[in-house]
Amino acid sequence: MSNEATAVAPAATDEPLWKTVLKAEIKAAGKGGVTKVAIRLGVGRSYVSQALHDLKKGGMPQSFTDRVIQRFHRVTCPARCDLEVERRECYRGNEKAPTHNPLDLRVWKVCQTCPNRPEKGDQQ
């Protein structure tokens, strides 16, 4: 398994994006995928299994679903020549301008108008 996150298009079903992304990542991980994905998320294998099968009473916590999106969901980055980057890279637009590095500053400027940029109140 590579350390690359899997690009996933939103499903046409009523399934939440985090679950679609999680299933795709497990499938891409191959044999032992649930265990491998659980390790990358920092949770137990049984927790990931419960998430997949809707066994968690009261639904999955927002912190878990956010972690799945941040870790595995990839978006197209206009600042990086339309390369796919992990969603968590989008938070750079909410940081202070990196005036010490011209390339980082160029990326930061594009991030200010990017549709993928999260709201300032959102957490990583």
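Residues numbered from 1 in each chain as written. Predicted model: local features only at pLDDT ≥ 70, side-chain atom pairs only at ≥ 80, totals over all residues. Heavy atoms only, no water.

**Focus: the pairing of strand 2 (residues 83–86)**
Item 1. Pairing of strand 1 (residues 74–77) with strand 2, which is carried by four bridges, proceeds in the antiparallel orientation. Its bridge partner being in strand 2, C77 is matched across the sheet by L83.
Item 2. Connecting strand 1 to the next strand, strand 2, in antiparallel fashion are five residues, including C81 with a positive phi near 55 degrees. (Pairing = 2+ DSSP bridges. Helix = DSSP H or I, 4+ residues; strand = E, 2+ residues; numbered from the N terminus.)

**A look at helix 4 (residues 62–72)**
For an α-helix, the turn length of 3.6 residues means that residues three or four places apart are oriented alike.
Item 1. Taken together, the buried positions of helix 4 are occupied by F64, T65, V68, I69, Q70 and F72.
Item 2. Its buried side turned inward, helix 4 meets helix 1 (17–29), helix 2 (33–41), helix 3 (45–52), strand 1 and strand 2. (Buried < 20%, exposed > 50% of the residue type's maximum accessible area, 1.4 Å probe, protein only. Contact = heavy atoms within 4.5 Å.)

**A short note on helix 2**
Item 1. Buried within helix 2 we find G33, V34, V37, A38, R40 and L41. Seen along its axis, helix 2 keeps its buried residues to an arc of 160 degrees; they face one direction.
Item 2. Elements in contact with the buried residues of helix 2: helix 1, helix 3 and helix 4.
Item 3. Just beyond helix 2, the residue with positive phi is G42, at close to 80 degrees. (Arc of directions from axis to C-beta.)

**Description of unusual backbone geometry**
Leaving glycine out, the prevailing phi sign among residues is negative, and the prevailing peptide bond configuration is trans.
Item 1. Phi is positive for D54, close to 55 degrees, though the residue is something other than glycine.
Item 2. Structurally, D54 can be placed in the loop between helix 3 and helix 4.
Item 3. Within the chain, C81 stands out as a residue other than glycine whose phi angle is a positive 55 degrees.
Item 4. Along the chain, C81 falls in the loop between strand 1 and strand 2.

**Concerning the pattern of salt bridges**
Item 1. Taken as a whole and assessed by the stated rule, the structure comprises five salt bridges.
Item 2. Residues E15 and K23 are paired through a salt bridge, measuring 2.7 Å at the closest nitrogen-oxygen approach.
Item 3. On the basis of relative accessible area, K23 is assigned to the partly exposed category, the value being 38%.
Item 4. A salt bridge links E86 to R88; its shortest N-O distance comes to 2.5 Å.
Item 5. The exposure class assigned to E86 is buried, which follows from its relative accessible area of 15%.
Item 6. The exposure class of R88 is partly exposed, given its relative accessible area of 33%. (Salt bridge = Lys/Arg side-chain N within 4 Å of Asp/Glu carboxyl O.)

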